[in-house]
Amino acid sequence: MAEFIFALATILTLFALAMNRASLGVWAAAVAIITLCAQMGLASGQLHWPVFPFWALLGWLIAGLLFVASFPEIKRNYIVLPAYRALKGAMPAISETEREALEAGTVGWDAELFSGTLNWSKLQRIAPITLTAEERAFLDGPTVELCKRLKDWQIRHERDIPNDIWRFVSEKGFLGMLISKEHGGLGFSAQAQSLVLGKISSRSPDGVTIVMVPNSLGPGELIEKYGTSAQKAHYLPRLARGEEIPCFALTGPFSGSDAASMRDVGTVTRARHEGKETLGITLSWDKRYITLAPKATLLGLAFRLLDPDNHLGRGEDIGITLALIPTDHPGVEIGRRHLPGGAAFPNGPTRGRDVFIPLDWIIGGAERAGQGWRMLMSCLAAGRSISLPATSAAAAKTMLRTSTAYARIRKQFNLPIGFMEGVEEPLARLAENAYTLEAARAVTASMVSAGEKPAVISALLKYVSTERMRSCVNDALDIHGGRGICDGPSNYLQGAYQMVPVGITVEGANILTRTLITFAQGALRSHPYLLTEIEALQNEDRGGGVDAFELAFDKHVAFTVSNAAGSLFHSLTFGMFASAPASAGPTAKWWRQLALAARSFALVADVTVALLGGSLKVKQKISGRMADALAELYLLSAVLKRYEDDGSPRSDLKLVDYCARNCLYRFDQALRGVLDNFPVRWASWLMRPLVFPLGAWRRPASDVAGKEIVRAALQPGDFRDRLTREIYVSDDPNDRVGLLEYTLLRVVANEEADKKLERAIRKGEVKRFHGHDWIAEAERKGVLTAEESVALAEQRELVERVIAVDDFAADAVTPQKAETSAQAAFRRPSGHMAAE
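I will try to describe carefully the structure that is included in this document. No experiment lies behind these values; they were computed from the predicted model shown.

The subject of this paragraph is the pairing of strand S2 (residues 265–273). With 9 bridges connecting them, S2 and strand S3 (residues 276–291) associate as antiparallel partners. When the bridges of S3 are listed, Val268 appears paired with Ile281. Here S2 folds back onto S3, and the loop between the two strands holds 2 residues, one of which, Glu274, carries a positive phi near 55°. Sheet topology note: the S2/strand S4 (residues 298–306) ladder contains 3 bridges and is parallel. Residue Val265 lies in a different strand from S4, and its bridge partner there is Arg304.

Where helix H25 (residues 588–612) meets helix H28 (residues 681–691), the axes come as close as 10 Å, and the angle between the chain directions of the two elements is 170°. By the angle between their directions, the pair H25 and H28 is classed as roughly antiparallel. Of H28, the residues touching H25 (which contributes Ser600, Leu603, Val604, Val607 and Leu611) are Trp682, Ala683, Met687, Leu690 and Val691. Of the residues belonging to the contact of H25 with H28, the class tally is 9 nonpolar, 1 polar and no charged.

With 18 residues, helix H34 (residues 786–803) ought to run about 26 Å at 1.5 Å a step, and its terminal C-alpha atoms sit 26 Å apart, in line with that. Ser789, Ala791, Leu792, Gln795, Leu798, Val799 and Val802 are the residues of H34 that are buried.

On the surface, a cluster of nonpolar side chains totalling about 580 Å² of accessible area is made up of Phe67, Val68, Phe71, Ile74, Tyr78 and Ile79. For the nonpolar patch, the elements supplying multiple residues, two or more each, are helix H3 (52–69) and helix H4 (72–88). Here the element with the most residues in the nonpolar patch is H4; it accounts for 3 residues. Secondary-structure assignment places Phe67 in helix H3. With relative accessibility at 46%, the residue Phe67 sits in the partly exposed group.

Remark: the centre distance and the inter-plane angle together describe each pair of aromatic rings, the angle taken between the planes. Across all of its chains, the model carries 16 aromatic pairs by this definition. When the centroid spacing of 6.4 Å and the interplanar angle of 85° are considered together, the rings of Phe519 and Phe601 count as edge-to-face. Taken together, the residues Phe519 in helix H22 (residues 510–526) and Phe601 in helix H25 connect sequence positions 82 residues apart. For the pair Phe519 and Phe601, a shared accessibility class is recorded, and that class is buried. Pairwise contacts between aromatic rings join Phe138, Phe168, Phe174 and Phe188 into one cluster. Directly above the aromatic system of Phe419 lies the positively charged group of Arg711, at a separation of 4.1 Å from the ring centroid.

This paragraph deals with the pattern of salt bridges. In this structure the tally under the stated criterion is 49 salt bridges. The partner of Arg736 in a salt bridge is Asp152, with the nearest N and O atoms 3.8 Å apart. Taken together, the positions of Arg736 in helix H31 (residues 736–749) and Asp152 in helix H10 (residues 152–158) put the pair 584 residues apart, joining distant regions of the chain. Of the two residues, Arg736 and Asp152, both sit in the buried class. Residue Arg720 pairs with Glu741 through a salt bridge whose shortest N-O separation is 3.2 Å. Pair noted here: Arg720 is in helix H30 (residues 718–723) and Glu741 is in helix H31, with a separation of 21 residues, a long-range link. An identical accessibility class is assigned to Arg720 and Glu741; each is buried. Three or more residues are tied together by salt bridges with common partners; here these are Lys397, Glu438, Arg441, Arg642, Asp646 and Arg725.

A separate point is the packing of helix H18 (residues 421–449) against helix H26 (residues 620–645). Contact geometry of H18 with H26 gives a least axis separation of 8 Å together with a crossing angle of 85°. Between H18 and H26, the angle falls in the class roughly perpendicular. Contacts between H18 and H26 involve Ala434, Tyr435, Thr436, Glu438, Ala439, Ala440, Val443, Thr444 and Met447 from the former and Tyr634, Leu635, Ala638, Val639, Lys641, Arg642 and Tyr643 from the latter. Partitioned by chemical class, the residues of the contact of H18 with H26 number 11 nonpolar, 2 polar and 3 charged.

Cut-off values and rules
Residues numbered from 1 in each chain as written. Predicted model: local features only at pLDDT ≥ 70, side-chain atom pairs only at ≥ 80, totals over all residues. Heavy atoms only, no water. Pairing = 2+ DSSP bridges. Helix = DSSP H or I, 4+ residues; strand = E, 2+ residues; numbered from the N terminus. Axes fitted to C-alpha atoms, helices over the stretch in contact; angles between N-to-C directions. Parallel < 35°, antiparallel > 145°, perpendicular 65-115°, else oblique. Contact = heavy atoms within 4.5 Å. Nonpolar A, V, L, I, M, F, W, Y, C, P; charged D, E, K, R; others polar. Expected span 1.5 Å × (residues − 1). Buried < 20%, exposed > 50% of the residue type's maximum accessible area, 1.4 Å probe, protein only. Patch = residues over 30% accessible without salt bridge, like charges linked within 9 Å, V, L, I, M, F, W, Y side chains within 5 Å. Areas by Shrake-Rupley, 256 points an atom, 1.4 Å probe, with all protein chains shown as cover. Salt bridge = Lys/Arg side-chain N within 4 Å of Asp/Glu carboxyl O. Phe/Tyr/Trp six-rings, centres within 6.5 Å; stacked < 30°, edge-to-face > 60°. Lys NZ or Arg CZ within 6 Å of the ring centre and 35° of its normal.

Spelled out as structure tokens, the structure:
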């Protein structure tokens, strides 16, 4: 027994030293004391180890080596310098565009996740959803009015946004939400912008685009942050009033996700402009997929600027530069349209050849020449956190709202289809995604409102939210069946379905955002020591580089040992001793599981970057799985924070448990995928017992838990309303979605009367078939009261309208004759064809 107690105390001591990042001197003293105590116990007869002399010798040897290594000069010569030399050629070099992208954003909660030791106060002090009175009034007033005006079928059918909608959004200030009040805009917070965009998109995915783009990455934001005083004074009030419609042209045929490789070039030269010789830029460009381009009056353009004659005194290759060009400027080709996924929002190409613009059309003036990539990345880090997460969360909430109503109303086999287990499964996914995406949207928007530019989180959330949006729309279509696939004025799913591929593709295609950007950029930006070490390795001053490397390397080694010990200890104890906020209450176990998972993630992330180094760019499956693991940690963080921010309603607790179990299960599967396929096999063998010493024991949420959540969501009330908060919900039975809500209330209110009628029909007391009024028959036979008969007759008519699909005269759906020649389908005024 004494041997067991001593061994346990020794193990716990070593765990404590490792997890608390003890210095080499402390380690040496601890090992020496443990060895000495063991010898004393053996000498006194209290301990009995037959082979102890070997272990005593090993203990003193380890203590001695640790003691020697604690001397700075010895450690530097025999540990730090060999590591410096080994890593100098292995670590990836950081390109200028990568550096600008890294420096553009900020780090916050993502850095905590990469650290493995979570500081809960950093998450908890992020503000809950907070709006000013003006923002709330705008959300509940003009935004609701806009939703009422948007006719999604008309927009999709005519493939255009009506002029009265353009006028309304211009007059009410929708196009200037991010422009400051000083310059004529609304000056709304990121949280308010996010909620406004979400509410509009829940009504019309096409309609929201004309509001989203001017308030996202584009001329307005770039001028507000980087423009000259003259540019701000001239353009911002006009943009805020909708007198200028902006677009921003970045993507080209040969520079999609790799936007930095653009072939659009401007050359600094002199030419005549407005009758005077002017120093300016001769530009040629070919851009595509530019949203609002067919309607735009102001073109923001990204291009590479060259100065072969050194007019600017900064060499030939100035770098990526951004300029503002009125679309009626001579040489600008714009107006033709793409049809992305059959969607109706204006999107198209723009081109120009040898177009001369004055130098002061550069955003920020000549001094901002060459700074375009940094400017873009800075705006993207914040903007990508708002638009697509807002529309994705709104889509998930809308799909849940409509699907729960339809599944409660629609019957098959005399049972609401929502009560069938096959339909319960997608409904449970919808509930989980609606709660989770809204939680992540809210906390991320609050970060941006507080001034953060969460580059890593915005990339992560972009791909996760749009992928889950795709899942939600598919689930909704599965539940609705034929009702969902027949397009027409009464179809409330088709618009979202058509827009899903657009969300997947824009602002960085999901495939590359997941596999190339999220984890790789996150590791560099959010890891506590990695970027410092790489910069030290690249430092041309070797002495200064070694000094900086040594300082970071010492901390990095302690960091790795700490996370290895922490991951093993907390995994063996099932997270029981992991930290949790004092306010956690009934969710404390999930906070502890999050802390455990973060330890494991930090360890695997650390080893992955250290061993794969520059090859991580080609090991994209590994990088993608690490991004998935990071995403689950972030989503679980958001879910737990949302529960607290919402006041910890007990009715939401089962859903929080459901989300947490599934997040952690998917996290385990992502890390298992990394370890199963890790290219350095010995490292995989070492990491596996540290991360999964008892195996990947977490399991997804149960079917029973899903059933309870779905049954609650099928019932009108506070739970369903919280799950679908801040989307547009009509109360008009003549509206396609309002009809669903109105009918749902009637179906629930008439439930007992309907059961009586169904029992009578099953017994054969009442006959139900077309051409026969079975409700009147039931009343005559005393099955129903007169009041119940009236209510069910109304319900019958409402249900018929809910499940009805649109049909058209044959000549109404015959396509009109369209241009068929290649030149008409894709032509340039210059007469030559583009290579695609």
